[in-house]
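Geometric and topological summary
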Amino acid sequence: MSTDPTPTVTEYGQSLVLHLRLQEVPPDRIGEIVAEVESHVADTGEDPVEAFGTPREYAASLTDEHRKPPWWWTTTTLVLAAAAGWLIGQGAFAVLLDEPYLGRSGWLWLATGLVLGIPPAYMVSRRAGEVRDPRTGRPLVRTPRWATLVFYAIPLLIVLVGWAAIELVT
Amino acid sequence: MADDELPTEWLRAVLPLAVLSAVAEEETYGYAVAQRLQAAGLGAVRGGTLYPVLNRLEADGLLTSSWREGVGGPGRKFFAATDAGRDHLHRRAAAWHTFTERAAGLFPSPRSTR
């Protein structure tokens, strides 16, 4: 039996977080499930794989509790995200080049893209929420601060590089 | 117990009620529930089987849970039966006794040569 007062997340716990993420389990439930495993093996001294199966197996066994969204839901989200990205990109180019796109102002396409992007952005933010340990309130998995920056910086950089290239050519 | 090799489907069928019964005895945590079931002769219940049952009972409103700091150890998730859980337990336990008596009436007795 462990007497460590500060729970630490084991390699098994980290892997379980990943597999539960892949099953699209909400972050607050992931925290509960991982803490249950960590707490149980701390009490029993058992090997987590013997007590719960591999992280992949245990995450898959919880599909009764957490059903994945239907395929059409995922497809709709992906199509909306792709359309939003395309319109934001085209709109941004049109605004930067000060030219209309398909006869309409770049700002209109930009705004349409942003509105279309709201549902997929909401879905992604819900799934990507931080997983916290219910015992301590601390994050179970550390997400580097630069990850969010990179997420937004890459598309912005693509638009700016494209715009700069067009400006140089013309 | 004369025959320790109980069919797993029997355990699967009775596990939710057995877990609810163990929690209804006193507020307790997962490992203690597993020990209680083993002491009752139901065999070793793996964590991977036990916690989904506890969570399903909680989702059904039959249990509540709360995390508490352990004495010198990591936090434990304690479970307690709700009023609905106790009511469910009493009704299902009565139905279980009726069911097992009826089923037993069909079976040959252990001494029978049938």
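Residues numbered from 1 in each chain as written. Chains lettered and ligands numbered in written order. Predicted model: local features only at pLDDT ≥ 70, side-chain atom pairs only at ≥ 80, totals over all residues. Heavy atoms only, no water.

Focus: the overall build of chain A
Counting its regular elements, chain A contains eight helices and zero strands. Along chain A, from the amino end to the carboxyl end, the secondary structure elements read α-α-α-α-α-α-α-α. Looking at chain A as a whole, 33% of its 170 residues qualify as buried. Put simply, of all contacts in chain A between residues at least 6 apart along the chain, 70% involve residues at least 24 apart. Accessible surface computed for chain A: about 10,800 Å², of which carbon and sulfur atoms make up 66%. (Helix = DSSP H or I, 4+ residues; strand = E, 2+ residues; numbered from the N terminus. Buried < 20%, exposed > 50% of the residue type's maximum accessible area, 1.4 Å probe, protein only. Contact = heavy atoms within 4.5 Å. Areas by Shrake-Rupley, 256 points an atom, 1.4 Å probe, with all protein chains shown as cover.)

Quick word on the pairing of strand β3 (residues 76-81) of chain B
All names here are of chain B. β3 sits mainly inside the fold: six of its six residues count as buried. Residues Arg76, Phe78 and Ala80 of β3 are buried on one face, and the alternating residues Lys77, Phe79 and Ala81, pointing to the opposite face, are buried as well. Pairing of strand β1 (residues 28-29) with β3 involves two bridges; the strand directions are antiparallel. Each residue of the ladder has a partner; that of Thr28, found in β3, is Phe79. Pairing of strand β2 (residues 63-68) with β3 involves six bridges; the strand directions are antiparallel. When the bridges of β3 are listed, Trp67 appears paired with Lys77. (Pairing = 2+ DSSP bridges.)

Thoughts on the packing of aromatic side chains
Applying the stated criterion to the full structure yields six aromatic pairs over all chains. Geometrically, the ring pair formed by Trp72 of chain A and Trp73 of chain A is edge-to-face, given 5.9 Å between the ring centres and 90 degrees between the ring planes. For Trp72 of chain A, a relative accessible area of 47% translates into the label partly exposed. Overall, the relative accessible area of 35% leaves Trp73 of chain A in the partly exposed class. Through a chain of ring-to-ring contacts, the aromatic side chains of Phe52 and Tyr58 of chain A together with Tyr51 of chain B assemble into a single cluster. A cation over an aromatic ring shows up here: Arg68 of chain B above the ring of Phe78 of chain B, its NZ or CZ 4.8 Å from the ring centre. The ring of Tyr29 of chain B has Arg76 of chain B lying over it, and the distance from NZ or CZ to the ring centre is 4.2 Å. (Phe/Tyr/Trp six-rings, centres within 6.5 Å; stacked < 30°, edge-to-face > 60°. Lys NZ or Arg CZ within 6 Å of the ring centre and 35° of its normal.)

What to know about the packing of helix α2 (residues 30-39) of chain B against helix α3 (residues 47-59) of chain B
How two helices sit against one another is set out by the angle between their axes and by the gap between those axes. Residues and elements named next belong to chain B. Where α2 contacts α3, the axes come no closer than 10 Å and their chain directions differ by 110 degrees. What the angle tells us is that α2 and α3 run roughly perpendicular. Crossing angle aside, the handedness with which α2 passes α3 is right-handed. Two secondary-structure elements touch here, α2 through Gly30, Tyr31, Val33 and Ala34 and α3 through Leu50, Tyr51 and Leu54. The residue inventory of the contact of α2 with α3, partitioned by class, reads six nonpolar, one polar and no charged. (Axes fitted to C-alpha atoms, helices over the stretch in contact; angles between N-to-C directions. Parallel < 35°, antiparallel > 145°, perpendicular 65-115°, else oblique. Left-handed = near helix turned anticlockwise from the far one by under 90°. Nonpolar A, V, L, I, M, F, W, Y, C, P; charged D, E, K, R; others polar.)

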